[in-house]
Number of protein chains: 2
Amino acid sequence: MSLPRIAVDAMGGDEGVRVMVSGAALARRRHDQFKFLLVGDEARIKAALENHPNMRNASEILHCEDVVGGHEKPTQALRRAKKTSMGLAIEAVKHGDAGAAVSAGNTGALMAMSKLALRTMPGIDRPALAALMPTLEEHDVIMLDLGANTECDARNLVQFAIMGAAYARIVTGRDKPRVRLLNIGTEETKGTGELQEAAQRLRDATGLALSFEGYVEADKINRGNIEVVVTDGFSGNIALKAIEGSARFVTDLLKDAFRSSLRSKIGFLISRPATELLRHHLDPNNHNGAVFLGLNGVVVKSHGSANAAGVANAVAVAARLLEENLTERITADLAELGEIRLRENGSGGAAK
Amino acid sequence: MSLPRIAVDAMGGDEGVRVMVSGAALARRRHDQFKFLLVGDEARIKAALENHPNMRNASEILHCEDVVGGHEKPTQALRRAKKTSMGLAIEAVKHGDAGAAVSAGNTGALMAMSKLALRTMPGIDRPALAALMPTLEEHDVIMLDLGANTECDARNLVQFAIMGAAYARIVTGRDKPRVRLLNIGTEETKGTGELQEAAQRLRDATGLALSFEGYVEADKINRGNIEVVVTDGFSGNIALKAIEGSARFVTDLLKDAFRSSLRSKIGFLISRPATELLRHHLDPNNHNGAVFLGLNGVVVKSHGSANAAGVANAVAVAARLLEENLTERITADLAELGEIRLRENGSGGAAK
């Protein structure tokens, strides 16, 4: 099959070119149809490519010298967009030179540039950042928004639910992914007015390709009985980081505990396969690759500190969303929502 | 010394009377000066007391038949306040019959009743729920608000900072506890307008008995380098539950991993002292007892699912706050804030 190539911002991330190119090469070892447009400093990209012969006939370099700084303000980066590796990777998607863009650079700048160049899809007011998180079950859970929008209204949240469900159908294969709104309690009266209104709209829109199951509290996100958690970008970012920080906290404590006595050290060595299993399950690199949903094009954010395996994962996420036509799916779901509204209005019997 | 007695709502919590009375008895085994007013069904309290001879001369029973339901709406519970064990425990504090109240019942109802009966302290607009959480270091970190106020303005957040710092001085003995605002990034431009304004006010108020150190992201709460995390009740509740849920998630995965092979099982048995250490460190019962700060009186919320050790911990929190005069400390700090404002206005040179 011919998958559109993936534009990789080779300059973003804590480690820069070497990790980004290694990650792309690793992804290609797993899926030999992958092709890349590597955007950034040509000399450094060429040097990095020397270690990866499998990339030779699979990648083109788009040279550029400017890079978006990790702490640069999005508004500032935006002015230089078309001179930076990040901006050019996105432009490639816009002009059909690539099917998707992957960057490990400044999230705010990536969001701003993507929005400006690709525009939001018809029917979507704001894009949202969505990521996969591990659960106690086999499948992951998708949470959005993770920080693209500090404040959200009910309409935004409903759109996030639809986009998240479209993504979840691809990842889990479930026809009607179970969707919940993140809240501080499960009773209907809990939380902000925006949440209550979003819940009401989702309860009413029964024709959607999702099963709305009310609220979820932050301690139940990882239980494995839901596919999508919808929230505003502020709470989502707090929840995501709290979950990551707490997991690291517990594993740090565990390490200290194992070091606390000779007996524990021996026990640790023996039970190493178990702790390795845990380490693998929790390794953020295995869940790397957050997606900006709601744009006319696929843009994937790789974590700034991801290693080559993490970058390969982000590339695989981008490829999968291309293969499965995520953007078209969301468009179809939004049309469905529009039709539901028309039917409701036409019948004169709008749900309560 | 003569510590005022503690009113215990004997009816609240998942397990009810038996756990509440056992918890009080356990607390008294550790601190034999503790005295109690046990509020609830006399017959059941008496039955529970039979197992605890050390409570015989240390407790009085205040009989009442009505109980606040776990899922009852606060407004509904409020109407029956003075007939319920929860309401009567709070009334005892109001009338000086007890120094503090401890309840494991409905949080919303406890908040509403406490606010109505005890009123907020002069200078405080809204009380906040504060709890201790474990860190990588010896001392705990205090986070507030954990859900008493879904939405907060800058003024509320500044008051929470002052109250949290007063609590932290008691718990950590540090003269100027390090305080940070929970946000989704550490740059000054991050987050909501309320957060940015609260940060500005805290930076300006240099005379306070706290060291304001900017923002903290949710993955850094448990690192042990701060004493107080200030946030609105929605985000605080999300963060707290995400941390609890993630810790449980990791320990659940660890259990599964240890069970995955005979070798791992053996390793587990050998390293048991290490995993027990971890279990103890993470056991929520060891951190049980959230405090409503900003009221004219001490009210402590015990977790609904806390065991006797957890309840004993909540009782100990209440006793410590009485011993150390938390309410007076907060009053003094607020007076200090008032003086800072007067000085600033008087000098005509308000900080930028």
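What counts as what
Residues numbered from 1 in each chain as written. Chains lettered and ligands numbered in written order. Predicted model: local features only at pLDDT ≥ 70, side-chain atom pairs only at ≥ 80, totals over all residues. Heavy atoms only, no water. UniProt positions renumbered as here; feature names shortened; annotations may be inferred. Least-squares fit on C-alpha atoms with pLDDT ≥ 70 in both. Contact = heavy atoms within 4.5 Å. Pairing = 2+ DSSP bridges. Helix = DSSP H or I, 4+ residues; strand = E, 2+ residues; numbered from the N terminus. Axes fitted to C-alpha atoms, helices over the stretch in contact; angles between N-to-C directions. Salt bridge = Lys/Arg side-chain N within 4 Å of Asp/Glu carboxyl O. Buried < 20%, exposed > 50% of the residue type's maximum accessible area, 1.4 Å probe, protein only. Arc of directions from axis to C-beta. Polar contact = N/O pair within 3.5 Å; in protein donor to acceptor, adjacent residues only side chain to side chain. Expected span 1.5 Å × (residues − 1). Domains from an automatic or database assignment. Buried area = accessible area lost by both parts, 1.4 Å probe. Nonpolar A, V, L, I, M, F, W, Y, C, P; charged D, E, K, R; others polar. Patch = residues over 30% accessible without salt bridge, like charges linked within 9 Å, V, L, I, M, F, W, Y side chains within 5 Å. Areas by Shrake-Rupley, 256 points an atom, 1.4 Å probe, with all protein chains shown as cover. Lys, Arg positive; Asp, Glu negative; His and termini not counted. Charge placed at Lys NZ, Arg CZ, Asp CG, Glu CD. Phe/Tyr/Trp six-rings, centres within 6.5 Å; stacked < 30°, edge-to-face > 60°.

Chain A carries the name Phosphate acyltransferase in an unreviewed UniProt entry, which gives Croceibacterium selenioxidans as its organism. A UniProt comment under Subcellular location (unreviewed entry) is attached to chain A, and it reads "Cytoplasm".

**Student:** Explanation requested: the relation of the copies chain A and chain B in the structure shown.
**Tutor:** Both copies of the chain are related by one operation, a rotation about an axis with a shift along it. Rotating chain A by 180° and translating it 0.0 Å along the rotation axis places it on chain B, where the RMSD comes to 0.0 Å. As the rotation angle and translation indicate, the two copies are arranged about a two-fold axis. Closest to the rotation axis within chain A is the C-alpha of G267 of chain A, separated from it by 2.2 Å. Both copies contact each other with a shared surface, as 100% of the interface residues of chain A are interface residues in chain B too.

**Student:** Sorry if this is basic, but what is going on with the sheet that holds strand β11 (residues 298-301) of chain A here?
**Tutor:** Strand pairing in a sheet relies on backbone hydrogen bonds, with the paired strands running either antiparallel or parallel. Residue and element names in this part refer to chain A. Judged by pairing direction, the sheet is mixed, and its eleven strands sit side by side in the order β3-β2-β1-β4-β11-β10-β5-β6-β9-β7-β8 without closing on themselves. The sheet terminates laterally at β3 (59-63) and β8 (211-216), the two strands that pair on one side only. Taken over all neighbouring pairs, the strand axes of this sheet differ in orientation by 25° on average, direction set aside. Where strand β5 (residues 128-133) meets strand β6 (residues 141-144), four bridges bridge the pair, whose relative direction is antiparallel. Bridge pairing links M133 to V141 in β6.

**Student:** Whenever I open this one, the pattern of salt bridges confuses me. Can you help?
**Tutor:** Should the charged atoms of two oppositely charged side chains come close, the side chains can pair. Taken as a whole, this structure holds 38 salt bridges over all chains when the rule is applied. K220 of chain A is the salt-bridge partner of D219 of chain A, the closest N and O atoms lying 3.3 Å from each other. A relative accessible area of 11% places D219 of chain A in the buried class. Two residues, D219 of chain B and R248 of chain A, come together in a salt bridge whose shortest N-O distance is 3.9 Å.

**Student:** Please explain helix α2 (residues 42-49) of chain B as it appears in this structure.
**Tutor:** Residues spaced three or four apart along an α-helix point in a common direction, a consequence of the helix completing one turn every 3.6 residues. All names here are of chain B. Taken together, the buried positions of α2 are I45, A48 and L49. For α2, the angular spread of the buried residues around the axis is 100°, confining them to a single face. Summarising the contacts, the buried residues of α2 are in contact with α1 (17-30), β2 (36-40) and β3 (59-63). With a side-chain oxygen positioned 3.3 Å from the backbone nitrogen of A43, the residue opening α2 is D41.

**Student:** Hey, could you run me through helix α5 (residues 107-118) of chain B in this one?
**Tutor:** All names here are of chain B. Its twelve residues give α5 an end-to-end C-alpha distance of 16 Å, which sits within 8% of 16 Å, the value for a rise of 1.5 Å per residue. Turning to α5, its buried residues are A109, L110, M111, A112, M113, S114, A117 and L118. Close packing links the buried residues of α5 with α3 (74-79), α4 (85-94), β4 (100-103), β10 (290-293) and β11 (298-301). Immediately downstream of α5, the backbone of R119 shows phi near 65°, a positive value.

**Student:** I'm lost on the domain arrangement of chain A in this one. Help?
**Tutor:** Frequently, the measure chosen for interface size is the accessible area that the parts lose on association. Residue and element names in this part refer to chain A. We note that the domain assignment places domain 1 (1-123 + 295-322) and domain 2 (125-293) within chain A. Relative placement of domain 1 and domain 2: their C-alpha centres are 25 Å apart. On the domain 2 side, the residues contacting the 22 residues of domain 1 number 18 residues. For the domain 1 and domain 2 pair, buried surface summed over both sides reaches about 1,700 Å², with 58% attributable to carbon and sulfur atoms. Summed over the three residues of domain 1 that lose the most area to domain 2, namely M111, R320 and L321, the buried surface amounts to 30% of that side. Scanning the region where domain 1 abuts domain 2 turns up ten residue pairs in polar contact (both at pLDDT 80 or more). Sorting the residues of the side of domain 1 that touches domain 2 by element identifies α5 (107-118), β11 and α11 (308-323) as the ones contributing at least two each. Per-element tally for the side of domain 1 that touches domain 2: the top contributor is α11, with eight residues. In terms of residue class, the side of domain 1 that touches domain 2 is built from eleven nonpolar, eight polar and three charged.

**Student:** Just checking my understanding: could you explain the interface of chain A and chain B for this structure?
**Tutor:** At the junction of the two partners, chain A supplies 57 residues and chain B supplies 57 residues. Of the roughly 4,900 Å² buried between chain A and chain B on both sides combined, carbon and sulfur atoms contribute 71%. Summed over the shared surface of chain A and chain B, the number is six salt bridges. At the junction of chain A and chain B, the tally comes to 16 residue pairs in polar contact (both at pLDDT 80 or more). Only α8 (233-258), α9 (262-270) and α10 (272-282) of chain A provide two or more residues apiece to the side of chain A that touches chain B. The biggest single contributor to the side of chain A that touches chain B is α8 of chain A, with 20 residues. The residue makeup of the side of chain A that touches chain B, split by class, is 27 nonpolar, 19 polar and eleven charged.

**Student:** Would you take a moment to explain a negative patch on the surface for this structure?
**Tutor:** On the surface, E151, D153 and E194 of chain A together with E151, D153 and E194 of chain B cluster together into a negatively charged patch. Within the secondary structure, E194 of chain A is located in helix α7 (residues 193-204).

**Student:** Would you mind showing me how to read the packing of aromatic side chains here?
**Tutor:** Any aromatic ring pair is given by two values, namely how distant the centres are and how the planes are angled relative to each other. All names here are of chain A. According to the stated counting rule, one finds four aromatic pairs over all chains in the structure shown. Judged by centre distance (6.5 Å) and plane angle (85°), the rings of F34 and F36 are edge-to-face. Each member of the pair F34 and F36 is classed as buried. Ring geometry for F258 and F268: centres 4.9 Å apart, planes at 50°, overall tilted. Within this pair, whereas F258 is found in helix α8, its partner F268 is found in helix α9, the two being separated by ten residues in sequence.

**Student:** Quick question: what am I supposed to make of the environment of R203 of chain A here?
**Tutor:** Residues and elements named next belong to chain A. Turning to its location among the elements, R203 is positioned in helix α7. Classification of R203 by relative accessible area gives partly exposed; the value is 33%. As a C-alpha pair, R203 and E213 span ten residues in sequence and 8.3 Å in three-dimensional space. The contact partners of R203, leaving out residues within four places of it in the chain, are E188, Q196 and F212.

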